[in-house]
Amino acid sequence: MTVATQSTAMPTAGQHGLVAHSDGPVVPVQTRSERFRSVEVADFAPVTGREHEWKLSPVAAFADLTSGELDGARLGLETSGAEGVAVEWIARDDARIGTAGTPEERASANAWTNFGEALLVRVTGEDDKIATVTRTGLGATPRAAHTVIEAAPNSRGLVVLGGTGSARLSENVEVIVGEGANLTVVSVQEWDDDAVHLASHFARIGRDAKLKHIVVSLGGKVVRVNPSTHLAEQGGDVEALGLYFSDAGQHLEQQVYVHHDAPNTRSRVTYKGALQGEGARSVWIGDVLIGNAAVGTDSYEQNRNLVLSDGTRADSIPNLEIETGDIAGAGHASATGRFDDEQLFYLMARGITEEEARRLVVRGFLTEIVQQIGVAELEERLTAALEAELQGA
Amino acid sequence: MSVLEIKNLHVNVETDQGTREILRGVDLVINEGEIHAIMGPNGSGKSTLAYTIAGHPKYTVVEGEILLDGENVLEMSVDERARAGLFLAMQYPVEIPGVTVTNFLRTAKTAIDGEAPSVRHWVKDVRTAMGNLKMDSAFAERNVNEGFSGGEKKRNEILQLELLKPKFAVLDETDSGLDVDALKIVSEGVNRAKENTGLGILLITHYTRILRYIKPDFVHVFVAGKIAEQGGPELADRLEDEGYDRYQVAETASAE
């Protein structure tokens, strides 16, 4: 087991003795908000794996998605709708596209350059409702996709965006949360073992609006879901939750970014993961930027990993940048612990079988996130899926 | 009538310096309802005996037997031993992240009994047992041993003892690190368990202090991996006065 933790602001240009970073010749940008961004893939240099946004990812496993031609046709979908949730395809030039964010790396830009139409999931009405959109049967073709989830002002709703079967997919998901809206987005990755899925989510939170964003990654060879949230107007609130179980040979990654950019905004980031088996890998990078305008910010981010066997590696890197002194609170935490033989002995000495002991510990650890989802049927299915993971199924 | 028999037990442990012999022929018979105190200096092998009975994988039995009502305990896995009726109250209980005391107790009770306890009775039993041990009810929702003080950890061990109702309990230095109030509470718990279930007890301790609260029927002095002397409660009184000095010659050959 290897654990890497660092907690530093990026060096500033005026920093004394600043030299090229050991990662390569590139000096990191000053703040997260000044990172280069573009919707054109050609604006990004080819990916080498040394870039700060790629250095912990197995880039050779998905060169087709960062540099190849992507099929931008409509994806195969299974949807279960609800009154007040419309699902339709919209043209590339729709005015909503591009309002929540812009790609910061090449796979995301490649998807943006290549997608044909975008899928729009539009939530209206003040009643609670649940809609599910599952992408399936994508096969071995490298694909690009673009999704816009829009919550109308003062609307409420929960949208599950799922993925099953084989896939080689790079995609962007824009989440536009209108003034006063309360939206939950659950991104559930239950891909087949050979799947590669790279996703960038860009959320823009309107005035006094709330987004609960949950990333659940269980299946797939390489799954990288990077949610960015722009708290662009005052009173915005984001709760970013994540849950992952990485088993042998699996790479599950999430780079979470929260940008406090308006007064009295709040964020809570909580990601929890378990790792089991040779080569099980997880990466969590949590960037929080509290901008100059974001007085009264209340922010906390944390990542917890539970290591269940040898041969795993969990990287956990929280970064916090604060540009104003007038905030309510900002904190971060990272911890990676192991379930070890003494814990196993203790539980077994109370009559509990080894299998049950592991299940008990993992369920206890991850349930906190599962319970936040708010869809009973999905919670039950994920609990069962987690137990199957434990048994190596 | 249950009986736990230990016959000519020899135990090795693997260390970085190679194999070390720690137990060198231990014989002991504990009947249900009996309290046996095992006393001895540090490094005499007392804890090794405790962990060997429970089945910790670090210890290798090279000779001898442990029988519970005639059944070969050494062939059982750790959890099978617990289900057969053995309990080890640990000297250093480990933290279990993500598992609440409530969840842990119910899971263990279900495993030991082979069926889930009836919800109504169980909740009441847990509450009563916690009350007896002066444990705050907020305890139940904390993760097992996480952030517990030394005294809280020991109380949590005795809570399990009272709720799981084993046939035999090994208490491994349960008294160490307890102030006198906590020592009384823990001792009362052990006595209550014996009263209620006819528990047989192997009480391992370095000090005579706990024997004021838990009265042993037999006292065994453990030196250099075997029993050097045994007798009734009066032997403990003598140890209190004289210490382990007169066994010191043997101790030079001791291990652990």
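Residues numbered from 1 in each chain as written. Chains lettered and ligands numbered in written order. Predicted model: local features only at pLDDT ≥ 70, side-chain atom pairs only at ≥ 80, totals over all residues. Heavy atoms only, no water.

Student: An account of the overall build of chain B is requested, with residue identities and associated values reported.
Tutor: Along its length, chain B carries eight helices and ten strands. The C-alpha atoms of chain B give 18 Å as radius of gyration, which agrees with the globular expectation for 256 residues (18 Å, within 12%). Structurally, chain B occupies a C-alpha span of about 55 × 40 × 40 Å along its principal axes. For chain B, the proportion of its 256 residues judged to be buried stands at 54%. Considering only contacts in chain B between residues 6 or more positions apart, those separated by 24 or more positions represent 73%. Carbon and sulfur atoms provide 47% of the accessible area of chain B, an area that totals close to 11100 Å². (Helix = DSSP H or I, 4+ residues; strand = E, 2+ residues; numbered from the N terminus. Rg over C-alpha atoms; globule rule 2.2 N^0.38 Å. Buried < 20%, exposed > 50% of the residue type's maximum accessible area, 1.4 Å probe, protein only. Contact = heavy atoms within 4.5 Å. Areas by Shrake-Rupley, 256 points an atom, 1.4 Å probe, with all protein chains shown as cover.)

Student: Residues and numbers for the pairing of strand E8 (residues 200–205) of chain B, please.
Tutor: Residues and elements named next belong to chain B. For E8, the tally of buried residues reaches six of six residues, placing the bulk of the element in the interior. What you see with E8 is no split at all: Gly200, Leu202 and Ile204 on one side and Ile201, Leu203 and Thr205 on the other are buried throughout. Pairing between strand E3 (residues 35–39) and E8: five bridges, direction parallel. Bridge pairing links Ile35 to Ile201 in E8. In the sheet, strand E7 (residues 168–172) pairs with E8 via five bridges, with the strands oriented parallel. If you follow Phe168 over to E8, its bridge partner there is Gly200. Of the crossover connections in this fold, the one passing from E7 over helix H6 (residues 180–197) to the parallel E8 is right-handed. (Pairing = 2+ DSSP bridges. Right-handed = clockwise from strand over helix to strand, strands pointing away.)

Student: Describe in detail the interface of chain B and chain A, supporting the description with residues and values.
Tutor: Listed per partner, the contact involves 32 residues of chain B and 17 residues of chain A. Put simply, chain B and chain A have one salt bridge between them. Taking the shortest distance from any N to any O, the salt bridge between Glu157(B) and Arg350(A) comes out at 2.7 Å. Seen at the junction of chain B and chain A, the total is nine residue pairs in polar contact (both at pLDDT 80 or more). At the level of elements, helix H1 (46–54), helix H2 (78–84), strand E6 (86–89), helix H3 (101–113) and helix H5 (150–164) of chain B are the ones that each hand at least two residues to the side of chain B that touches chain A. At six residues, H3(B) tops the list of elements feeding residues into the side of chain B that touches chain A. (Salt bridge = Lys/Arg side-chain N within 4 Å of Asp/Glu carboxyl O. Polar contact = N/O pair within 3.5 Å; in protein donor to acceptor, adjacent residues only side chain to side chain.)

Student: Requested: an account of the packing of H5(B) against H6(B), with residues and values cited.
Tutor: Residues and elements named next belong to chain B. It is at 9 Å that the axes of H5 and H6 come closest, and there the two elements cross at 10°. It follows that H5 is roughly parallel to H6 by the angle criterion. Residue-level contacts link Lys154, Arg155, Ile158, Leu161 and Glu162 of H5 to Ala182, Ile185, Val186, Gly189, Val190, Arg192 and Ala193 of H6. (Axes fitted to C-alpha atoms, helices over the stretch in contact; angles between N-to-C directions. Parallel < 35°, antiparallel > 145°, perpendicular 65-115°, else oblique.)

Student: Give me the lowdown on the pattern of salt bridges, citing residues and values where you can.
Tutor: Under the definition given, this model contains 43 salt bridges over all chains. Its salt-bridge partner being Glu117(A), residue Arg74(A) comes within 2.8 Å of it at the nearest N-O pair. A residue pair is termed long-range when its members are at least 10 positions apart, and Arg74(A) in the loop between helix H1 (63–67) and strand E2 (77–80) and Glu117(A) in the loop between helix H2 (106–114) and strand E4 (118–123) qualify at 43 residues. Given the relative accessible area of 47%, Arg74(A) is considered partly exposed. Exposure remark for Glu117(A): the relative accessible area of 31% places this residue in the partly exposed category. Across the salt bridge formed by Glu229(B) and Arg238(B), the nearest N and O atoms sit 4.0 Å from each other. Three or more residues joined by partner-sharing salt bridges are found here, namely Arg32(A), Arg35(A), Arg37(A), Glu104(A) and Asp287(A).

Student: How would you summarise the environment of Glu239(A) if you had to cite specific residues and measurements?
Tutor: Residue and element names in this part refer to chain A. Along the chain, Glu239 falls in strand E13 (residues 237–247). Judged by its relative accessible area of 16%, Glu239 is buried. As for Glu239 and Val269, which are separated by 30 residues in sequence, their C-alpha atoms are 6.0 Å apart. Among residues more than four places away in sequence, those in contact with Glu239 are Lys210, Leu211, Lys212, His213, Arg268 and Gln372.

Student: Tell me what's going on with H2(A), and back it up with residues and numbers.
Tutor: All names here are of chain A. Of all nine residues making up H2, eight are buried, and the element is well covered by its neighbours. Buried within H2 are the following residues: Arg106, Ala107, Ser108, Ala109, Asn110, Ala111, Trp112 and Asn114. Put simply, Glu105 is the residue that caps the front of H2, since its side-chain oxygen is 2.8 Å from the backbone nitrogen of Ala107.

Student: Kindly report on the sheet that holds strand E11 (residues 210–219) of chain A, identifying the contributing residues and their values.
Tutor: Backbone hydrogen bonds hold the strands of a sheet together, and the pairing may be parallel or antiparallel. Residues and elements named next belong to chain A. An order of E2-E5-E7-E9-E11-E13-E15-E17-E19 is seen for the nine strands of this open sheet, with the pairing classed as mixed. The open sheet terminates on both sides in strands that have one partner only, identified here as E2 and strand E19 (329–338). Taken pair by pair, the neighbouring strands of this sheet meet at an average axis angle of 10°, ignoring direction. Packed on one face of the sheet, helix H4 (residues 354–370) meets E13, strand E15 (266–276) and strand E17 (298–307) and runs near 160° to E15.

Student: I'd like a description of the sheet that holds strand E5 (residues 71–72) of chain B, backed by residues and values.
Tutor: Residue and element names in this part refer to chain B. Pairing within the open sheet is antiparallel, and its four strands lie in the order E2-E1-E4-E5. Both edges of this open sheet fall to strand E2 (18–31) and E5, since each of them pairs with a single strand only. Both strand E1 (residues 3–15) and strand E4 (residues 59–68) contribute to a ladder of eight bridges, which runs antiparallel. Note that in E4 the partner of Ile6 across the bridge is Ile66.

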